[in-house]
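Fold and geometry: a report
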Amino acid sequence: MPRDRPAVTWAFGVTLDGRVAAPDGTSRWISSRKARADVHRLRATHDAVLVGSGTARADDPHLGVRHGVGGRPIRVILDAEARIVRAGSRIADGSAPTIVVVAADADTGSLPPAVEALRVGRGPDGRLDLAELLAALRRRGVRTLLVEGGPTLAAAFLASGTVDRIVAYVAPVILGNGRPLVTLDDVTTIADARRFRTKEVTVLGGDVRILAVPRRSRAR
């Protein structure tokens, strides 16, 4: 387990052709009910669950643990300008500790009292500094972090080399168009690919759950 940041698991549901949403943005339900229940069990094993601003804006996620599974992981949403999370947001219901990550200069006056604002600086690309965020979560006692964000957030974690484990729920579905799982701008040839090692394959309903770790990592 890293000492200066949480151990990061990236979880996602995807079609056979690598899509996470249709062209109109709809994504419910790519994964089967059994796969969705398994995600809640996965959440319960982590100290915190994180999504980015795109997911927060499009889905208004709750990020709680349901389907008869116990646990109250910290819910974390990236909202640099503090414009997405409001009193009516599902994540502001007070059912679990909630952190809204904002830029250092953000006006947090409109954030609901049920959430904690965590200020972090911006990186060279103008986005919230991922290393600073992870270090801040670790100082708050978060040792394991589940990332459920969309393509932009996933790309940031992959580019930083901080994905320690992948849990992929692959559905036997072909969209043929729509939002891809992730886009890495620095990949121009097969040699640039991020390679992972399969540790476990499980059939859940009609889906396949794949557990993988980076080839540089030792088995957990």
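These numbers come from a predicted model, not from an experiment.

To continue, consider the overall build of the protein. Scanning the protein from terminus to terminus reveals 4 helices and 11 strands. Projected onto its principal axes, the C-alpha positions of the protein cover 45 × 35 × 35 Å. In the protein, the proportion of contacts linking residues at least 24 apart, taken out of those at least 6 apart, comes to 66%. When the accessible area of the protein is evaluated, it comes to approximately 11200 Å², of which 50% is carbon and sulfur surface. The positive charge centre, built from 34 side chains, and the negative charge centre, built from 23, are 6 Å apart in the protein.

Bringing the packing of aromatic side chains into the picture now. Here the structure, examined in full by the defined rule, presents 1 aromatic pair. Note on W10 and F12: the rings are 4.5 Å apart at their centroids and 45° apart in plane angle, and the pair reads as tilted. What makes F12 buried here is its relative accessible area of 14%. Positioned over the ring face of W29 is R36, at 4.0 Å from the centre of the ring.

Next up on the list: the nonpolar core. Ranked by internal contacts, the top residues of the largest apolar core, which has 37 residues, are W10, L50, V101, L133, L137, L145 and F157. Among residues more than four places away in sequence, those in contact with L145 are P6, A7, V8, T9, H46, A48, V49, L50, L134, L137 and F157. Grouped together as the second largest cluster of nonpolar side chains are 24 residues, A35, V51, V85 and A92 included.

Attention now moves to the side chain of T144. Inspection of the secondary structure assignment puts T144 in strand β7 (residues 144-147). Take T144: its relative accessible area is 18%, and that puts it in the buried class. A polar atom in the side chain of T144 sits 2.9 Å from the backbone nitrogen of D47.

Before going further, it helps to spend a moment on the pairing of strand β11 (residues 207-214). Among the 8 residues in β11, 6 count as buried, and that is most of the element. Relative to β11, strand β8 (residues 165-171) runs antiparallel, the two sharing 5 bridges. Among the inter-strand pairings, V170 is bridged to a residue of β11, identified as V208. Where strand β10 (residues 196-204) meets β11, 8 bridges bridge the pair, whose relative direction is antiparallel. Directly across from R197, in β11, lies its bridge partner V213.

Cut-off values and rules
Residues numbered from 1 in each chain as written. Predicted model: local features only at pLDDT ≥ 70, side-chain atom pairs only at ≥ 80, totals over all residues. Heavy atoms only, no water. Helix = DSSP H or I, 4+ residues; strand = E, 2+ residues; numbered from the N terminus. Contact = heavy atoms within 4.5 Å. Areas by Shrake-Rupley, 256 points an atom, 1.4 Å probe, with all protein chains shown as cover. Lys, Arg positive; Asp, Glu negative; His and termini not counted. Charge placed at Lys NZ, Arg CZ, Asp CG, Glu CD. Phe/Tyr/Trp six-rings, centres within 6.5 Å; stacked < 30°, edge-to-face > 60°. Buried < 20%, exposed > 50% of the residue type's maximum accessible area, 1.4 Å probe, protein only. Lys NZ or Arg CZ within 6 Å of the ring centre and 35° of its normal. Core = buried A, V, L, I, M, F, W, Y, C linked by side-chain atoms within 4.5 Å. Polar contact = N/O pair within 3.5 Å; in protein donor to acceptor, adjacent residues only side chain to side chain. Pairing = 2+ DSSP bridges.

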